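Read off the chains here:
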Amino acid sequence: MSIITKSFIRRADRDDLDTLIRWMEDEDFQYFLYGDPTRSPRTIREQIIGFLSKNTGSPIPSGVYFIVDSPDGPLGMISLQNISWRNRSCNLDVYIAPEHRNHLTTGINVLRALEYAFDELNLHRVTSIIYAFNKPSWKLLEFIGAQRELTLKDHITRDGVWHDVYVYGLLKHEFDVWCEKNTEHTREITLQKMIENIKNYLEKSS
Amino acid sequence: MIKKKYAIIRNAERFDAKELLRFYLHKPAFACLLDTKREPLLPNLSELEELLQHKDTAQSFYVVENKAGDIRGFIVLKGINPEVLFGEIMLLFDNEIYEKENALIEEALEFIETRAFVQLHLRKLMTTCLEEEQYLRPFLQNHSYQCEGCMREVLFTCGKWHNLETWAKFNVVSVNLPV
């Protein structure tokens, strides 16, 4: 049985600025991602504008920032950052707004972002840095076939407690094997299928 | 200038740039000289001279000389994160020095650890190591560094993929202290 979803990913643009600022001010964003709670709103705004300005349509971008969108509005963001064209690698970060957080939406769109990284950008490796207490995130990556490569002991503090940080790595051939195994379930959620659905929607609405 | 039994350790100066450039030109690259994207940097001599001229850099780059005054390598303490109290060390020594003048590197490491753990009260020191750095790995292991894992196929150089290990050592004094 294949999975069906109305969510899709698209390139973030300037119109997403307010949404992104709202998300970055979310406590979870700072708790689970690399946020520094002491940052001022101005700093946050500047950082996001920096993200968006890097997010050009360049064939060799230094980062790609996706909005996870839906007919009901944006759900979250996925970024492929620190793209190294020499090493054909990047870092993956994912944020889904609290009201839309579920494994299915996250999983489907992470798969699409990975498909974009490996099959469109021709990357060889995707790295993800995840705090040990963020179990749903590292479980998802393990499900997709990523390997926990580093365990950085007592590497960050949250609420006065030291936590480990995990570094996951996923290589292209590992992702290909996973996709091959799961074709039956994922055929309706591939990037190609998503683009076809968007085209159909645009044709109908015009 | 700090005089040890085998080593003389001093802050790097712009005149040391030529020696430092030698390490940047080394193939395959030294793991600790890779940037945040794990890409090898290719500075030229004038860029390194400028780097070492900078006061902050000069204070974190140390030249390690033997008693005859010959430069044997560099040791660097950088990337200090004051929030979580960790720093990165760079050990830049040729394999030959590990083989023939190991005691000199030990003194340099002892110096940098004292600086990090005692003077700066850091909790953790980290460094990276490529599989080709066959002398660095056992050296770290012999000095109580623990391997925190290995990133696979993270660097492409010399026509092939390379894995990158991360090694760390905790300050035994501060490891049990609360945050």
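None of the values given here were measured: they were computed from a predicted structure. (Residues numbered from 1 in each chain as written. Chains lettered and ligands numbered in written order. Predicted model: local features only at pLDDT ≥ 70, side-chain atom pairs only at ≥ 80, totals over all residues. Heavy atoms only, no water.)

With respect to the layout of surface pockets
Residues and elements named next belong to chain A.
Thought 1: What the second largest pocket holds in volume is close to 380 Å³.
Thought 2: As for the second largest pocket, its lining consists of 15 residues, of which Thr5, Lys6, Asn197, Ile198 and Tyr201 are closest to the centre.
Thought 3: Looking at the lining of the second largest pocket element by element, the count peaks at six residues for helix α8 (residues 191-205).
Thought 4: Among the residues making up the lining of the second largest pocket, the classes are represented as seven nonpolar, four polar and four charged. (1 Å grid on protein atoms, 1.4 Å probe; cavity = no way out; pocket = protein on both sides within 12 Å on 5 of 7 lines; lining within 4 Å. Points joined across faces, edges and corners; volume = space filled by probe spheres on them. Helix = DSSP H or I, 4+ residues; strand = E, 2+ residues; numbered from the N terminus. Nonpolar A, V, L, I, M, F, W, Y, C, P; charged D, E, K, R; others polar.)

Quick word on the packing of helix α4 (residues 103-120) of chain A against helix α5 (residues 135-144) of chain A
All names here are of chain A.
Thought 1: Where α4 meets α5, the axes come as close as 11 Å, and the angle between the chain directions of the two elements is 50°. When the axis of α4 is compared with that of α5, the two are oblique. Crossing of α4 against α5: the hand is right-handed. Contacts from His103, Thr106, Gly107, Val110, Leu111 and Leu114 of α4 reach α5 at Pro136, Leu140 and Ile144.
Thought 2: Considered class by class, the residues forming the contact of α4 with α5 number six nonpolar, three polar and no charged. (Axes fitted to C-alpha atoms, helices over the stretch in contact; angles between N-to-C directions. Parallel < 35°, antiparallel > 145°, perpendicular 65-115°, else oblique. Left-handed = near helix turned anticlockwise from the far one by under 90°. Contact = heavy atoms within 4.5 Å.)

Overview of the side chain of His162 of chain B
Residues and elements named next belong to chain B.
Thought 1: Considering the arrangement of structural elements, one finds His162 in strand β8 (residues 160-170).
Thought 2: A polar contact of 3.4 Å, which involves the side chain of His162, links it to the backbone oxygen of Lys160.
Thought 3: Not counting residues within four places of it along the chain, the set of residues in contact with His162 comprises Pro28, Leu130, Glu131, Glu132, Met151, Arg152, Glu153, Val154, Leu155 and Thr157. (Polar contact = N/O pair within 3.5 Å; in protein donor to acceptor, adjacent residues only side chain to side chain.)

Things to note about the nonpolar core
Thought 1: Residues Leu80, Leu92, Leu114 and Ile144 of chain A are the most contacted members of the largest nonpolar core, which totals 37 residues.
Thought 2: Broken down by element, the residue count for this core peaks at seven residues, all from α4 of chain A.
Thought 3: Listed in part, the 27 residues of the second largest apolar core include Ile89, Ile105, Leu140 and Trp167 of chain B. (Core = buried A, V, L, I, M, F, W, Y, C linked by side-chain atoms within 4.5 Å. Buried < 20%, exposed > 50% of the residue type's maximum accessible area, 1.4 Å probe, protein only.)

Considering the interface of chain B and chain A
Thought 1: Each partner contributes residues to the interface: chain B has 24 residues there, and chain A has 29 residues.
Thought 2: Between chain B and chain A, roughly 2300 Å² of surface is buried when both sides are summed, and carbon and sulfur atoms account for 50% of that area.
Thought 3: One salt bridge connects Arg152 of chain B with Glu149 of chain A, and the closest N-O pair in it is separated by 2.6 Å.
Thought 4: Summed over the shared surface of chain B and chain A, the number is 17 residue pairs in polar contact (both at pLDDT 80 or more).
Thought 5: Mapped onto the side of chain B that touches chain A, the elements with two or more residues apiece are β6 (124-130), β7 (146-157) and β8 of chain B.
Thought 6: At ten residues, the largest contribution of residues to the side of chain B that touches chain A is made by β7 of chain B.
Thought 7: The residue inventory of the side of chain B that touches chain A, partitioned by class, reads 13 nonpolar, three polar and eight charged. (Buried area = accessible area lost by both parts, 1.4 Å probe. Salt bridge = Lys/Arg side-chain N within 4 Å of Asp/Glu carboxyl O.)

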